[in-house]
Amino acid sequence: MSFAVGLQCRACGKQQALAPVHVCAECLGPLEVRYDYEALRRSVRPADVAGGPATMWRYAALLPLPPDVPVVDLGTGFTPLLRAENLGRALGLHKLYIKNDAVNPSYSFKDRVVGVAVSAAIGFGYHTLACASTGNLAASVAAHAAKASLESYVFIPADLEPAKIVGTAVYGTNLVAVRGSYDQVNRLCSEIADAFPWAFVNINLRPFYAEGSKTLAYETAEQLGWRAPDHVVVPIAGGSVLSKIGKGLAELRALDWIPAGRTRISGAQAEGCAPVSRAVLSGADHVTPVRANTIAKSLAIGNPADGDFALRTIRDSGGSAEMASDAEIAEGMRLLASTEGVFTETAGGVTVACARKLARSGRIDPDETVVLYITGNGLKTLDAVAAGLGDAPVIEPTLAAFETIRAGAVA
Ligand SMILES: Cc1ncc(COP(=O)(O)O)c(C=O)c1O
Ligand SMILES: [Zn+2]
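Residues numbered from 1 in each chain as written. Chains lettered and ligands numbered in written order. Predicted model: local features only at pLDDT ≥ 70, side-chain atom pairs only at ≥ 80, totals over all residues. Heavy atoms only, no water.

### As for the domain arrangement of the chain
Then, in step 1: The domains assigned to the chain are domain 1 (4-73 + 110-209) and domain 2 (83-107 + 213-388).
Then, in step 2: Relative to domain 2, the C-alpha centre of domain 1 lies at a distance of 22 Å.
Then, in step 3: Taken together, the contacts link 35 residues of domain 1 with 37 residues of domain 2.
Then, in step 4: Of the roughly 3,200 Å² buried at the junction of domain 1 and domain 2 (both faces included), carbon and sulfur atoms supply 50%.
Then, in step 5: Per-residue buried area on domain 1 facing domain 2 is highest for Arg 10, Tyr 59 and Arg 112; these three make up 22% of the total on that side.
Then, in step 6: Our count for the contact surface shared by domain 1 and domain 2 stands at nine salt bridges.
Then, in step 7: Lys 247 serves as the salt-bridge partner of Glu 32, at 3.3 Å between the closest nitrogen and oxygen.
Then, in step 8: Each residue belonging to the side of domain 1 that touches domain 2 can be placed in one class, and the counts come to 20 nonpolar, three polar and 12 charged. (Domains from an automatic or database assignment. Contact = heavy atoms within 4.5 Å. Buried area = accessible area lost by both parts, 1.4 Å probe. Salt bridge = Lys/Arg side-chain N within 4 Å of Asp/Glu carboxyl O. Nonpolar A, V, L, I, M, F, W, Y, C, P; charged D, E, K, R; others polar.)

### Thoughts on the coordination of the zinc ion (ligand 2)
Then, in step 1: Coordination of the zinc ion (ligand 2) by the protein involves Cys 9 (SG), Cys 12 (SG), Cys 24 (SG) and Cys 27 (SG), with metal-donor separations of 2.3 to 2.4 Å.
Then, in step 2: Coordination geometry of the zinc ion (ligand 2): the four donor atoms subtend angles of 99 to 117 degrees at the metal centre, consistent with an arrangement described as tetrahedral.
Then, in step 3: Summarised as a motif, the one-chain spacing of the donors to the zinc ion (ligand 2) is C-x2-C-x11-C-x2-C. Of this pair, Cys 12 sits in the loop between β1 (4-9) and β2 (15-16) while Cys 27 is found in the loop between β2 and β3 (31-35), placing the two residues 15 residues apart along the sequence.
Then, in step 4: For Cys 27, a relative accessible area of 37% puts it in the partly exposed group. (Donors = N, O, S within 2.8 Å, 3.2 Å for Na, K, Ca; no water. Tetrahedral: all angles 85-135°; square planar, octahedral: opposite > 155°, others 65-115°. Helix = DSSP H or I, 4+ residues; strand = E, 2+ residues; numbered from the N terminus. Buried < 20%, exposed > 50% of the residue type's maximum accessible area, 1.4 Å probe, protein only.)

### Let's talk about the site of ligand 1
Then, in step 1: Taken together, 16 residues form the shell around ligand 1, and within it Asn 136, Gly 238, Gly 239, Val 241 and Thr 375 come nearest.
Then, in step 2: One of the side-chain N or O atoms of Thr 134 is found 3.3 Å from an oxygen atom in ligand 1.
Then, in step 3: Thr 375 places a side-chain nitrogen or oxygen 2.6 Å from a nitrogen atom of ligand 1.
Then, in step 4: Against a free-state accessible area of 390 Å², the protein chains account for coverage of 97% of ligand 1.
Then, in step 5: Considering only residue class, the shell around ligand 1 consists of seven nonpolar, seven polar and two charged. (Near = heavy atom within 4 Å. Polar contact = N/O pair within 3.5 Å; in protein donor to acceptor, adjacent residues only side chain to side chain. Areas by Shrake-Rupley, 256 points an atom, 1.4 Å probe, with all protein chains shown as cover.)

### Section: the packing of helix α4 (residues 110-123) against helix α5 (residues 136-148)
Then, in step 1: It is the contact of α4 with α5, at a shortest axis distance of 9 Å, that shows an interaxial angle of 45 degrees. It follows from the interaxial angle that α4 and α5 lie oblique. Crossing angle aside, the handedness with which α4 passes α5 is right-handed. Across the interface between the two elements, Lys 110, Asp 111, Val 113, Val 114, Gly 115, Val 118 and Ile 122 from α4 touch Asn 136, Leu 137, Ser 140, Val 141, His 144 and Ala 148 from α5.
Then, in step 2: Looking at the contact of α4 with α5, its residues break down into seven nonpolar, four polar and two charged. (Axes fitted to C-alpha atoms, helices over the stretch in contact; angles between N-to-C directions. Parallel < 35°, antiparallel > 145°, perpendicular 65-115°, else oblique. Left-handed = near helix turned anticlockwise from the far one by under 90°.)

### Considerations on the environment of Ala 121
Then, in step 1: With respect to the helices and strands, Ala 121 occurs in helix α4.
Then, in step 2: Separated by 70 residues in the primary sequence, Ala 121 and Glu 191 have C-alpha atoms spaced 19 Å apart.
Then, in step 3: Once you skip the residues sitting within four places of it in the chain, Ala 121 turns out to touch Tyr 126, Leu 129, Ala 199 and Leu 205.

### Focus: unusual backbone geometry
Then, in step 1: Residue Asp 68 is not a glycine yet carries a positive backbone phi of 65 degrees.
Then, in step 2: The topology assignment puts Asp 68 in the loop between α2 (46-50) and β4 (81-83).
Then, in step 3: The phi dihedral of Asp 256 falls on the positive side, at around 65 degrees, and the residue is not glycine.
Then, in step 4: Here Asp 256 is to be found in the loop between α10 (240-254) and β11 (264-270).
Then, in step 5: What makes Asp 256 exposed here is its relative accessible area of 59%.

### Side note on the pattern of salt bridges
Then, in step 1: Counted under the stated rule, the structure contains 21 salt bridges.
Then, in step 2: Between Lys 244 and Glu 32 there is a salt bridge; the shortest N-O distance is 3.0 Å. Remark: Glu 32 occurs in strand β3 and Lys 244 occurs in helix α10; sequence separation between them is 212 residues.
Then, in step 3: The exposure class of Lys 244 is buried, given its relative accessible area of 3%.
Then, in step 4: For Arg 41, the salt bridge goes to Glu 38, with nearest N and O atoms at 3.6 Å. Of this pair, Arg 41 and Glu 38 both sit in helix α1 (residues 37-43), three residues apart, roughly one helical turn.

### Quick word on the sheet that holds strand β8 (residues 174-178)
Then, in step 1: Overall, parallel pairing links the four strands, which are arranged β8-β7-β6-β9 in an open sheet. Edge strands, defined here as strands with exactly one partner in the open sheet, are β8 and β9 (199-200).
Then, in step 2: As paired strands, strand β6 (residues 128-132) and β9 are joined by two bridges and run parallel to one another. Its bridge partner being in β9, Ala 130 is matched across the sheet by Phe 200. (Pairing = 2+ DSSP bridges.)

Structure representation (structure tokens):
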């Protein structure tokens, strides 16, 4: 059972009933879901969660799920929190973990947000699911629409990685490739959302969608034995997942499910699209939009919808931010794969590369318990690392041929 009771404006505080809207009627500020935490505290305990399914749905009480609508369950979440000793040695961090969200059903953390949004869409009576996407949301919306037998429209920039295009089209969606940047795709989708009665998961259903990311924080705390990490590093595109990891940890503290304390939240962006990191590092009060140009296409949002919230979450937590060049992103992907056996896409390369910079500069303390959020799968962005790996030697099927190249390799 969900304890969501309404929506509230993040700017002026005005409250309203749960509805498929994302901006406040008074001030046009963004809306967010409100819960009855007192009722929740009385009826749900961590042990109840631990007895739930091994998916994100064990946290249904803390998500805005409509009554009488079964969740569209692809088996999302409760992904591994892995102790990363090898990577920790490389970065000089003694208690490093990675939250491996690359193993979700459509291979990114976006299944968490879409899982919540699709339930809300069905609850509000929609028949068509839609989104503007930098690639990962596309696959997740298409997959959930397939499972829920809904029609779907997915809008992407035309220059996306081929694996993300194939990995979306395969679910049988109406895929529309737009000649333009993500920011242009998003603007177009806002117009389409006004003209068509569709559930755009990251536009009119954004307050519901965004809540799904809180489960990353809940699971991390539960997997650490109901304890929050000292420091987390989170990739930023629109700024939603970073803000919601902050909200999720704050909720667990308010419920007394984890001890009081502080988790520093640091942001990771690509140098070619770092509006939030630049604002953090320059001491600015607001995020200034940029034109994106990076191999980390999943993070290429120049005008982040939740940029100012991400900035505030980072500042209030005592965290910091960094940015990684294209070469550092590829190196970050190789480093994670070669130390921990986890193949992440470019967004994960950004996170690893930025964590390295934060550690080197002393902004992450070597003795902190640190969690890096690895949010997408490396098979989606093969080209980012392929060039640097070289070709495998091709040999005749004989022992002699193998011994020849082996001798060369050890010489
Ligand atoms: C793999 C991956 N990681 C992180 C993000 C960032 O999410 P947000 O837009 O909530 O900042 C995205 C967004 O598309 C993504 O695809
Ligand atoms: Zn308002």
